[in-house]
Protein chains: 2
Amino acid sequence: MRRPKVPDVVVRRLPLYLRAVGDFASKDREIISSHELGKSTGLTAAQVRKDLALFGEFGKQGIGYNVKFLMNQLKDILRLRDPVPVCIVGMGHLGQAVLRYNMAYHRSTSEGTEMLRIMAGFDVDPVKVDTTCAGVPIYHTDELSRVIGEMGIKIAVVAVPAQRAQEVVDMCVKAGITAILNFAPIKLETPAGVKVHTADVTLELQSLAFYTH
Amino acid sequence: MRRPKVPDVVVRRLPLYLRAVGDFASKDREIISSHELGKSTGLTAAQVRKDLALFGEFGKQGIGYNVKFLMNQLKDILRLRDPVPVCIVGMGHLGQAVLRYNMAYHRSTSEGTEMLRIMAGFDVDPVKVDTTCAGVPIYHTDELSRVIGEMGIKIAVVAVPAQRAQEVVDMCVKAGITAILNFAPIKLETPAGVKVHTADVTLELQSLAFYTH
């Protein structure tokens, strides 16, 4: 499959398409149009076609997309075909909340998102180290490199205090992590080839302001 | 100004437009095209024009949008023209992290997002009640209704454990809150007219899987 340079904003829309396609698949739909996909995701049909065309010609003009084929293609593009091991660094309430959210979600979904598996937590607090949280083992942060290597972990959620975030990210990058979800309110320095998304509470709150009355 | 029924997905894009327009404004640009706005936000020019056209004719065909006018219109649409008081219910590490993020952001930005002001935290822990966190007073959750009313708080961030979230949301709604950012991993029941966004860590992690290699 082609894997061209894709703008990050498009990558962020792919899970929306995957979710929509998963909904249609669970209703045993075989074909969907770009208009239906647009309606489910709130984008124009043209935007849907343009986004998906970046990865090749999935649809047939005048017919639409094959639901199962598109779902599999989206999983391939997002590298969600095989389980993706994830770790959380910082098992304070934020890290624990993310972990419990992830675990609760896995129990309630059938949309193929079970492929994201939180396999390990890290913390420096001796009270937490060598315990489990929602069934997930917690290791000392000193073991980060070894555990990430052994478990083949690909994505790190960084939920440590701001002043420790850069140090932790440097350790993650050295251990082979290439994608980071950062909750610390700082801009992180990472080498090219490492992607950082910062959870953006500000954008969420701004869009919610629309609904105040 | 017209305030038609706007799909939530469009509302969620408005802060992206506001941020982009703010960037152009800070560079003293007077006019921007839908193409430039699209490039900054990763959307097609057609999508930008379609989204903004929902609120009236802001731009001039072949010329573009007046930066200052559009910024003010977006702030009006998002109701960010005047300070929007926000509260956080649940001052565990998650609530504290959101609060500190918001406060750090205010110090580092000039894009008009300073209009979201976290004015109060709520918790049931007697150790936290009547203290402050990053300068923000923490009240007992029993005082939620009174404080929300007195401070004119419009948006609540719900960061309590899942089993307490519905109860807290009911209290918020009764007190007049119409927009909620929910971090608890449950589907909340709210009456019509109350908007709930649930912070979706799953979508974030799915899009990050794209960057694993």
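A few points on the structure.

Definitions and cut-offs
Residues numbered from 1 in each chain as written. Chains lettered and ligands numbered in written order. Predicted model: local features only at pLDDT ≥ 70, side-chain atom pairs only at ≥ 80, totals over all residues. Heavy atoms only, no water. Least-squares fit on C-alpha atoms with pLDDT ≥ 70 in both. Contact = heavy atoms within 4.5 Å. Helix = DSSP H or I, 4+ residues; strand = E, 2+ residues; numbered from the N terminus. Expected span 1.5 Å × (residues − 1). Buried < 20%, exposed > 50% of the residue type's maximum accessible area, 1.4 Å probe, protein only. Buried area = accessible area lost by both parts, 1.4 Å probe. Salt bridge = Lys/Arg side-chain N within 4 Å of Asp/Glu carboxyl O. Polar contact = N/O pair within 3.5 Å; in protein donor to acceptor, adjacent residues only side chain to side chain. Nonpolar A, V, L, I, M, F, W, Y, C, P; charged D, E, K, R; others polar.

1. Topic: the relation of the copies chain A and chain B
The two chain copies are related to each other by a rotation about an axis together with a translation along it.
Consideration 1: Of the transformation superimposing chain A on chain B, the axial component is 0.0 Å and the angular component is 180°, with the fit at an RMSD of 0.0 Å. Read as a symmetry element, the transformation amounts to a two-fold axis.
Consideration 2: The overlap is high: 100% of the interface residues of chain A also sit at the interface in chain B, so the same surface is used on both sides.

2. Concerning helix α1 (residues 8-26) of chain A
Three or four residues apart is the spacing at which side chains of an α-helix point the same way, because the helix has 3.6 residues per turn.
Consideration 1: With 19 residues, α1 of chain A extends 28 Å between its outermost C-alpha atoms, agreeing within 8% with the 27 Å of an ideal straight helix rising 1.5 Å per residue.
Consideration 2: Listing the buried residues of α1 of chain A in full gives Val10, Val11, Arg13, Leu14, Pro15, Tyr17, Leu18, Ala20, Val21, Gly22 and Phe24 of chain A.
Consideration 3: The inward-facing, buried residues of α1 of chain A abut β1 (31-32), α2 (34-41), α3 (45-53) and α4 (67-77) of chain A together with α8 (201-209) of chain B.
Consideration 4: Among the residues trailing α1 of chain A, Asp28 of chain A stands out with phi positive, at a value near 60°.

3. Examining unusual backbone geometry
Residue and element names in this part refer to chain B.
Consideration 1: The phi dihedral of Asp28 falls on the positive side, at around 60°, and the residue is not glycine.
Consideration 2: Considering the arrangement of structural elements, one finds Asp28 in the loop between α1 (8-26) and β1 (31-32).
Consideration 3: On the basis of relative accessible area, Asp28 is assigned to the exposed category, the value being 69%.
Consideration 4: At Arg79, a position not held by glycine, the phi torsion is positive, near 55°.
Consideration 5: Take Arg79: it is sitting in the loop between α4 (67-77) and β3 (84-89).

4. Some thoughts on the interface of chain A and chain B
Consideration 1: Each side of the interface is counted separately: chain A has 64 residues, and chain B has 64 residues.
Consideration 2: Carbon and sulfur atoms make up 66% of the area that chain A and chain B hide from each other, which totals about 6,000 Å².
Consideration 3: Linking chain A with chain B are two salt bridges, by the criterion used here.
Consideration 4: Between Glu204 of chain A and Arg12 of chain B there is a salt bridge, with the nearest N and O atoms lying 3.6 Å from each other.
Consideration 5: Connecting chain A to chain B are 16 residue pairs in polar contact (both at pLDDT 80 or more).
Consideration 6: Partitioning the side of chain A that touches chain B into residue classes produces 35 nonpolar, 17 polar and 12 charged.

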